[in-house]
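Spelled out from the first residue to the last, the chains are:
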Amino acid sequence: MPGLREVLYGLYSRFRRNKVLARSHGESISLIIDGHESSASYRRHCPGCLQRKITIGGQEHVQYYHRSVMAQLQVGEVSFLLDMEPQLPHEDEVAAALRLFLRVAARLPRAFDIVLVDGLYARAEFFRTAIERGKDVVAVLKDDRRDLLQDALSLFAAIPPIREQEGSTERLMWDLDGFTSWEAMKRPVRVVRSLETTTWHAQANGCLQTRVADWVWVTTLSPSRVATPRLVALAHRRWAIENEGFNELVEHWHADHLFHHHPKAVQVFWLMVMMAHNLFHAFVSRQIKPALRVRHTCLHWASLIAADLHHCAPVEPWPLPP
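Counting starts from 1 at the beginning of each chain's written sequence and moves along it residue by residue. Under the rules for a predicted model, residues below a pLDDT of 70 receive no local features and side-chain atom pairs below 80 are neither given nor counted, while totals for whole chains, interfaces and linings still include all residues. Each side-chain value is derived from all of the structure's non-hydrogen atoms; neither hydrogens nor water enter the calculation.

A. Representation of the side chain of Asp-175 in the model. Labels follow the DSSP assignment, with helices taken as runs of H or I lasting at least four residues and strands as runs of E lasting at least two, numbered in each case from the N terminus. Mapped onto the elements, Asp-175 comes out in strand β8 (residues 169-179). Residue classification places Asp-175 among the buried residues on the basis of a relative accessible area of 17%. Within the structure, the side chain of Asp-175 is placed 2.7 Å from the side chain of Thr-228, a separation counted as a polar contact. The contact criterion used is simple: two residues touch if any of their non-hydrogen atoms lie within 4.5 Å. Ignoring anything within four residues of it in the chain, the contact list for Asp-175 reads Phe-156, Arg-190, Val-191, Val-192 and Thr-228. Under the scheme applied here, a residue whose accessible area is under 20% of the maximum for its type counts as buried, over 50% as exposed, and between as partly exposed, the area being computed with a 1.4 Å probe on protein chains only. We define a polar contact as two N or O atoms separated by no more than 3.5 Å, with the added condition that, inside protein, one atom must be a possible hydrogen donor and the other a possible acceptor, whereas residues neighbouring each other in sequence contribute only through side-chain atom pairs.

B. Structural view of the pairing of strand β1 (residues 30-41). Most of β1 is tucked away, with 9 of its 12 residues classed as buried. The sheet contact formed by β1 and strand β5 (residues 114-117) spans 3 bridges and is parallel. For Ile-32, the partnering residue across the bridge sits in β5 and is Leu-116. Pairing between strands is defined by DSSP: at least two bridges between the two strands are required.

C. A look at the nonpolar core. To define a nonpolar core, start from buried Ala, Val, Leu, Ile, Met, Phe, Trp, Tyr and Cys residues and group those joined through side-chain atoms within 4.5 Å. Core analysis: the largest hydrophobic core is formed by 82 residues, its most contacted members being Leu-31, Ile-33, Leu-82, Phe-112, Phe-126 and Trp-182. Ranked by residues supplied to this core, first place goes to helix α2 (residues 93-107) with 8 residues. Setting aside its immediate chain neighbours within four residues, Phe-112 contacts Ile-29, Ser-30, Leu-31, Leu-73, Phe-101, Val-104 and Lys-135.

D. A look at unusual backbone geometry. Positive phi is not limited to glycine here, since Lys-19 has a value of about 65°. Structurally, the position occupied by Lys-19 is in the loop between α1 (2-17) and β1. With phi around 55°, His-254 is a residue other than glycine that occupies positive phi space. Locating His-254 in the fold gives a position in the loop between α6 (240-253) and α7 (263-287).

E. Region of the structure containing the environment of His-61. Mapped onto the elements, His-61 comes out in strand β3 (residues 59-75). For His-61, a relative accessible area of 30% gives the class partly exposed. Sequence spacing of His-61 and Tyr-42 is 19 residues, and the spatial spacing of their C-alpha atoms is 7.3 Å.

F. Structural context of the packing of aromatic side chains. Stacked, tilted and edge-to-face are the three classes assigned to paired rings of Phe, Tyr and Trp, where Trp is represented by its six-membered ring and a pair needs centres within 6.5 Å; plane angles under 30 degrees give stacked, over 60 edge-to-face, the rest tilted. This structure, assessed with the given rule, holds 10 aromatic pairs. Ring geometry for Phe-15 versus Phe-80: centroids 5.4 Å apart, planes at 80°, classification edge-to-face. Residue Phe-15 is found in helix α1, and its partner Phe-80 is found in strand β4 (residues 78-86); the two are separated by 65 residues along the sequence. Where Phe-259 meets Phe-269, the ring centres are 4.9 Å apart and the plane angle is 55°; that geometry is what we call tilted. Of the two residues, Phe-259 is situated in the loop between α6 and α7 and Phe-269 in helix α7; the sequence distance between them amounts to 10 residues.

G. Main features of the packing of α6 against α7. Geometry is summarised by axes, namely lines fitted to C-alpha atoms with helices restricted to the contacting stretch, and by angles between N-to-C directions that run from 0 to 180 degrees. Two elements in contact, α6 and α7, have axes whose closest approach is 11 Å; the angle formed by their N-to-C orientations is 100°. Between α6 and α7, the crossing angle belongs to the class labelled roughly perpendicular. Between α6 and α7, the residues in contact are Glu-244, Phe-246, Glu-248, Leu-249 and Trp-253 and Phe-269, Trp-270, Val-273, Met-274, Ala-276, His-277, Phe-280 and His-281, respectively. Note that Gly is not counted as nonpolar here; it falls among the polar residues with everything else outside the nonpolar set of Ala, Val, Leu, Ile, Met, Phe, Trp, Tyr, Cys and Pro and the charged set of Asp, Glu, Lys and Arg. When grouped by side-chain class, the residues that make up the contact of α6 with α7 number 9 nonpolar, 2 polar and 2 charged. In what follows, roughly perpendicular refers to angles from 65 to 115 degrees, roughly parallel to angles under 35, roughly antiparallel to angles over 145, and oblique to any angle outside these ranges.

H. Inspection of the pairing of strand β9 (residues 189-201) at higher detail. Relative to β9, β8 runs antiparallel, the two being bridged by 9 bridges. Bridging from a neighbouring strand, Trp-174 pairs with Arg-193 of β9. Pairing of β9 with strand β10 (residues 208-219) involves 12 bridges; the strand directions are antiparallel. Note that in β10 the partner of Arg-190 across the bridge is Thr-219.

I. Local environment of the environment of Glu-85. Among the structural elements, Glu-85 can be located in strand β4. Separated by 159 residues in sequence, Glu-85 and Glu-244 place their C-alpha atoms 18 Å apart. Dropping the residues within four chain positions of it, Glu-85 is found in contact with Arg-5, Ser-68, Val-69, Ala-96, Arg-99, Leu-100 and Arg-103. A distance of 2.9 Å separates polar atoms of two side chains, one belonging to Glu-85 and the other to Arg-99.

As structure tokens, this is what we get:
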């Protein structure tokens, strides 16, 4: 698949030259890395399938599945699906993510500044690899780093939070630097917490509904470089790979369907779908006037393109029976 990957990297270079991925002054470009499970079966399998045991009705069954890691560039509100790497049998997701990150960093060393990842990637090996290549990391902090998390929460309880109101969401934010509880890192890290309360009126009965989310992140970014509110907004951009990446590819591009169950075929199809996704969104953002983009969704433009393709396709007559 080197050829298809080079096409994606070539698209990125073309988009940069044509200002599709133009960054604003002082804006950081993020590389979002996350894993996705694309298929699962109890019968069909190939050499690239991962395996796990599932208990159904008291009996153990072997389930075969494919999982890959994707890298998505985030330039402001614009996303670009850059590369993917399959998770191989008998390895974890972070090992595949390290291969992907090293390839992207070697191919495009100046394309991004910050790596946004889930709590699974809050490992010293991943952080050190990114730091060695001049990149900062923002990762969700979970119970896997219990000592660091407990130290941060105990200190946060003794300081007043920073308050911020954004629409219907109120944020209470705490931010401290210089934590050394993560001994494997061998350098201080920064921990940020955001307690977010969102309120809205239910459509059915008009009652006031409330949702509370408690986020904690660990990062190598210094407070002097990225202030607390901006770091919280930056950390939430990680969801772009779920919304503009996996969810859209699966729901509207049928990326999870196995047209041919072979590890190379799975990679080829995902790379081609990523390429088509990038071209389609570049067309909509650059060729459709803003007034029309506001009035119609991307699904509307996709339907028009599909209708034009069907209209222009030559119609072959049905073969007559002998």
